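Residues per chain, in single letters:
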Amino acid sequence: MDILVIGSGGREHALVRKLKESPKTDTIYCCPGNGGIAADAECVNIRAVDIPLVVGFAAQHNVGLVVVAPDDPLAMGMVDALEKEGIPAFGPTAAAAAIESSKVFSKNLMKKYGIPTADYQVFDDPAKALAYIEEKNTFPTVIKADGLALGKGVIIAPDLEAAREGIRTIMEDKVFGKSGEKVVVEEFLTGPEVSVLAFADGEHVVPMVSSMDHKRVNDNDQGPNTGGMGTIAPNPHYTPEVAQRCMEEIFLPTMAAMKAEGRPFKGCLYFGLMITPAGPKVIEYNSRFGDPEAQVVLPLLDTDLVDVMMACREGTLDKLEIRWKKGAAACVVMASGGYPGKYTTGLPIHGLDSHGQREGVTVYHAGTRMGDEGLVTSGGRVLGVTALGDTLEEALDKAYAGVAGITFEGAHYRKDIGRR
Ligand code: AMP
Ligand code: GLY
């Protein structure tokens, strides 16, 4: 069958690569894709949020499966629109994607169904939010914009002044637009963070290999938050005991809760967890694969991804055995100078072959395009240099050896991925 992947980042490149391994796959299209994805898929110049054009393209080309990877088209109902036209799609409906697109919805869901998470209050009035923070007088405190905010809608305020500033930025200056009409103010939790992506079919949930993101831009978790500067899988903090507790206290109850709310979740459900002294708690849900988590999790999958995605859609995950490769994976993101702030694009990338690859590693392209004389940068996160190994150490050594051979002006990357 022909498959269409929606999106343009490193996550989408990893999805394309994995789907290509399936004997069931003929042509893979990607809307809109990027310079590196173009070596593996037929890129089509349609924006990832253009629902009518995507539906039209999929119908016209008789696409057998559309994989909707990014959060905004999911929240906008792209899967609903595709399925309505009889086009099979992987991903949650807009109603189910609310688990990510509204923090107020997800926090209220967890409270109603007793799923462990940070204590919180919801506010639509900045004065009331501040009065609550003042009265609580416990710092740091965490302020989250209700809606999607490119991963930047979370403020950890070390004191009252910072909290005041945070509330003003989100609710009065409205830097995230409508996403900041409501805020969640919540308790600050501590402990190691674990990402667990899970396949979900509305009823059953099958966790993938665990992973660890590195969100801050600089080594030792310094500097501002980014979309993610690197990942490893599996996550050493995710012991079998923790995994069992997560399954019983978080994964199964979340699936049941979504079903009970009339929003059964199908697709990839991402659990952002913190292993606190009181046990695992949910920091956030995402309604999609993480980026760059997908870049380390998918290469370790040993079962045909087309079969898994179809089972998610059809509600038959319980009939499929999903296997994982032994060993570990590591991904080091190379970013543009200035990212996550301002950066320039169009800079030539050296050290890749004509397919955008480098021997010994897999390079997932996040922000590249084909220039007149080869690949150039086109985004903040540019490349995800990824390697597998029998051990985490080996995977990291290989990934960093790959990074050492790639250059572009201003490139920066973290030197401490997987060292925590
Ligand atoms: P999010 O965008 O919700 O993943 O939040 C970004 C980062 O903020 C998370 O990865 C955590 O490191 C941190 N964070 C979010 N909520 C909390 C919390 N309640 N306590 C401590 N850290 C938090
Ligand atoms: N890497 C975190 C995310 O995709 O949200």
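Use the structure listed above.
Everything in this summary refers to the structure shown in the same document.

A closer look at the nonpolar core
In terms of nonpolar packing, the biggest core is built from 41 residues, with Leu19, Val67, Phe90, Phe199, Phe289, Leu305 and Met309 touching the most fellow members. In terms of residue count, helix H11 (residues 305-314) provides more of this core than any other element does, seven residues in total. Filtering out sequence-adjacent residues up to four positions away, Met309 remains in contact with Leu15, Leu19, Leu65, Val67, Phe90 and Phe289. Grouped together as the second largest cluster of nonpolar side chains are 27 residues, Ala96, Met110, Ile250 and Phe265 included.

What about helix H2 (residues 51-60)?
Those residues of H2 not exposed but buried are Ile51, Val54, Val55, Phe57 and Ala58. Down the axis, H2 shows its buried residues gathered within 165° of arc, on one side only. Exposed residues lying more than 90 degrees from the buried face of H2 are Pro52 and Gln60. If you follow the buried residues of H2, they end up packed against strand E1 (3-7), strand E2 (28-32), strand E4 (65-68), helix H3 (71-75) and helix H4 (78-84).

Some details on unusual backbone geometry
Glycine aside, negative phi is the norm for most residues, and most peptide bonds take the trans geometry. The residue after Cys31, namely Pro32, is reached through a cis peptide bond having omega -10°. As for its placement among the helices and strands, Pro32 is situated in strand E2. Following Tyr339, the chain continues into Pro340 via a peptide bond in cis, with omega recorded as 10°. We note that Asn62 has phi near 55°; this positive angle belongs to a residue other than glycine. Counting through the fold element by element, Asn62 comes out in the loop between H2 and E4. For Asn62, a relative accessible area of 66% gives the class exposed. The backbone phi angle of Asp221 is positive, close to 55°, even though this residue is not glycine. Tracing the backbone shows Asp221 in the loop between strand E13 (216-218) and strand E14 (222-225). Take Asp221: its relative accessible area is 27%, and that puts it in the partly exposed class.

Notes on the packing of aromatic side chains
Per the counting criterion, the structure on display carries eight aromatic pairs. An aromatic cluster is built from Phe90, Phe199 and Phe289, whose rings are joined through pairwise contacts. Lying across the ring of Tyr413, Lys415 places its NZ or CZ 4.4 Å from the centre.

Topic: the site of ligand 1
Around ligand 1 sit 15 residues in total, of which Glu186, Glu187, Leu189, Glu193 and Glu284 are the nearest. Note that a nitrogen atom of ligand 1 is positioned 2.8 Å from one of the backbone N or O atoms of Leu189. A distance of 2.4 Å separates an oxygen atom of ligand 1 from a polar atom in the side chain of Glu193. For ligand 1, whose accessible area on its own is 480 Å², the fraction buried by protein is 92%. Contributing elements (two or more residues each) for the shell around ligand 1: strand E7 (141-145), strand E8 (154-157), strand E9 (183-187) and strand E17 (279-286).

Description of the sheet that holds strand E5 (residues 89-90)
The strands making up a sheet are joined through hydrogen bonds of the backbone, oriented either antiparallel or parallel. A sheet is described by the order of its strands in space; here five strands give the open sequence E3-E2-E1-E4-E5, paired in parallel fashion. Edge strands, defined here as strands with exactly one partner in the open sheet, are strand E3 (42-43) and E5. With two bridges connecting them, E4 and E5 associate as parallel partners. Residue pairing for E5: Val67 is matched across the bridge by Phe90. Its contacts with the sheet place H2 against E1, E2 and E4, and it is angled at close to 165° to E1.

The rules we used
Residues numbered from 1 in each chain as written. Chains lettered and ligands numbered in written order. Predicted model: local features only at pLDDT ≥ 70, side-chain atom pairs only at ≥ 80, totals over all residues. Heavy atoms only, no water. Core = buried A, V, L, I, M, F, W, Y, C linked by side-chain atoms within 4.5 Å. Buried < 20%, exposed > 50% of the residue type's maximum accessible area, 1.4 Å probe, protein only. Helix = DSSP H or I, 4+ residues; strand = E, 2+ residues; numbered from the N terminus. Contact = heavy atoms within 4.5 Å. Arc of directions from axis to C-beta. Phe/Tyr/Trp six-rings, centres within 6.5 Å; stacked < 30°, edge-to-face > 60°. Lys NZ or Arg CZ within 6 Å of the ring centre and 35° of its normal. Near = heavy atom within 4 Å. Polar contact = N/O pair within 3.5 Å; in protein donor to acceptor, adjacent residues only side chain to side chain. Areas by Shrake-Rupley, 256 points an atom, 1.4 Å probe, with all protein chains shown as cover. Pairing = 2+ DSSP bridges. Axes fitted to C-alpha atoms, helices over the stretch in contact; angles between N-to-C directions.

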